[in-house]
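# Residue-level structure breakdown
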Amino acid sequence: MDTNALAILTTLASRRQGVVTFDELIAAGFDASILRAGKRRGWQRMHRGVWYLHADPPTFTHWVLATPLICGRDGAIGGAANLFVRGVLPSPPAQIDLWIPPTRTIRPLAHTPYVVHRDKRGRLNRKDHNGMLLSLGDALLDYLNTVTDETKAATAIIGTRAKFPHQVEHCQADFIERDRQRHRHLFTTLMACEPAFDSVLEYLWLVNVEQAHNMAPSQRQWICPDGYRRDGAWPHYQTIYELDGDAFHLNPRVLKRDRDKDYAARRRGFVTLRFGWADIVERPCQTARDVATAIPQLPIEPCSPTCWV
């Protein structure tokens, strides 16, 4: 392959991080033999007429970039892939849900992550303005119907409300239209609660520690007299609690800020209790006991005969 041809391929590959169509190759002056040469170089076929011009495996981003080339303007991405693209879910899903009109047929290749659904309920009428994503409400509710784990469901709902507070009413409107929807109570509770949860860890604290042990309710997202906002507190007992997710709180700058907040609280006579994911998810009874030890006057009950409280 001569230098000029390589330069043209490089330009094509830069358009969508290496994702191109066969028609684009032909329009650039190549013939069908370019695919035989490309296969020897490790090119990968993503769909009929769609190729990835690199030897390394396509990433989730590459599959998303290939989506409009596969389903055209009348299709859209839904479910977990939609939520990940928006930044609601923390990690990319194993599959990409493609919604297409009921009159169309798309047969993905066996090695691709696409799962094709025909839209029989008007989801495509509520696509976002960019045309490649279903509405946030439809994507969230479809995702909730695929997961049984309440923690995953809560993560999606809380993340949606935190990142797109202006979309809450639209999500609730989509929810009302559905007769059969998994996690109905969870969705209703988390979308309507005030103040809104900042993280799923806050929700799990409420369910696993406070409510499970009939603990006197704390004030969530409480603003201390020092001006800092805390995850929660029992001001009457001058006790604050902070919930530390490992991924965020291992950052040195965050650790310094946390120490500053603890010192500021101590100067005003407040004790700060800190708990992580394992304390709340794996050892909630021990955590409740630790709270009871720190605040002997706090009303609290054991959740079972074997409870540490």
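Everything below is about the structure shown above.
Residues numbered from 1 in each chain as written. Predicted model: local features only at pLDDT ≥ 70, side-chain atom pairs only at ≥ 80, totals over all residues. Heavy atoms only, no water.

For helix α10 (residues 200-211), built from 12 residues, the straight-helix expectation of 16 Å at 1.5 Å per residue is met to within 8% by its first-to-last C-alpha distance of 15 Å. Taken together, the buried positions of α10 are Val200, Leu201, Glu202, Tyr203, Leu204, Trp205, Val209 and Glu210. (Helix = DSSP H or I, 4+ residues; strand = E, 2+ residues; numbered from the N terminus. Expected span 1.5 Å × (residues − 1). Buried < 20%, exposed > 50% of the residue type's maximum accessible area, 1.4 Å probe, protein only.)

Moving on: the nonpolar core. Within the largest apolar cluster, 44 residues are counted, with the highest numbers of intra-cluster contacts made by Leu83, Phe187, Trp205 and Val291. Aside from chain neighbours lying at most four places away, what touches Val291 is Trp205, Met215, Trp234, Leu273, Phe275 and Leu298. (Core = buried A, V, L, I, M, F, W, Y, C linked by side-chain atoms within 4.5 Å. Contact = heavy atoms within 4.5 Å.)

What the rule picks out here adds up to eight aromatic pairs. Pairing Phe175 with Phe187 gives two aromatic rings, centres 4.5 Å apart and planes at 20 degrees, and the pair type is stacked. With Phe175 in helix α8 (residues 168-176) and Phe187 in helix α9 (residues 184-192), this residue pair connects regions lying 12 residues apart in the sequence. You can call Phe175 buried: its relative accessible area is 9%. Ring plane angle 50 degrees and centroid distance 5.4 Å describe the contact between Trp234 and Tyr241, whose orientation is recorded as tilted. Judged by relative accessible area, which is 1%, Tyr241 ranks as buried. Chaining the aromatic ring pairs together yields one cluster made of Trp205, Trp234, Tyr241 and Phe275. The ring centre of Phe197 lies 4.0 Å from the NZ or CZ of Arg220, which sits over that ring. (Phe/Tyr/Trp six-rings, centres within 6.5 Å; stacked < 30°, edge-to-face > 60°. Lys NZ or Arg CZ within 6 Å of the ring centre and 35° of its normal.)

This part is about the environment of Gly38. With respect to the helices, strands and loops of the structure, Gly38 is situated in helix α3 (residues 33-40). A relative accessible area of 1% means that Gly38 is categorised as buried. Sequence spacing of Gly38 and Gly245 is 207 residues, and the spatial spacing of their C-alpha atoms is 45 Å.

Bringing the sheet that holds strand β9 (residues 239-244) into the picture now. Sheet architecture is open: four strands sit in the order β7-β8-β9-β10, paired in mixed fashion. Each edge of the sheet is formed by a strand with only one pairing partner; in this case those strands are β7 (219-223) and β10 (271-276). This sheet shows a mean twist of 45 degrees between the axes of neighbouring strands, independent of strand direction. Looking at chain direction, β9 and β10 are connected through six bridges and run parallel. Residue Ile240 lies in a different strand from β10, and its bridge partner there is Thr272. This element, helix α12 (residues 252-267), spans β8 (229-234), β9 and β10 of the sheet and lies at about 150 degrees to β10. (Pairing = 2+ DSSP bridges. Axes fitted to C-alpha atoms, helices over the stretch in contact; angles between N-to-C directions.)

Among the six residues of β9, six are classified as buried, and the element is accordingly described as predominantly covered. In β9, alternate side chains face the same way, and those of Thr239, Tyr241 and Leu243 on one face and Ile240, Glu242 and Asp244 on the other are all buried. Here β8 runs beside β9; their pairing, made up of three bridges, is antiparallel. Each bridged residue has a counterpart across the sheet, and for Ala233 the counterpart in β9 is Ile240. If you look at the hairpin formed by β8 and β9, you'll find four residues sitting between the two strands, and Gln238 has a positive phi there, around 50 degrees.

We now examine the sheet that holds strand β6 (residues 114-118). Read across the sheet, three strands follow the order β4-β5-β6 without closing on themselves; strand pairing throughout is mixed. Looking along the sheet, the strands with just one partner apiece sit at the ends: β4 (76-78) and β6. With strand direction ignored, the average angle separating the axes of adjacent strands in the sheet is 40 degrees. As paired strands, β4 and strand β5 (residues 96-100) are joined by three bridges and run antiparallel to one another. Note that in β5 the partner of Ile77 across the bridge is Leu98.

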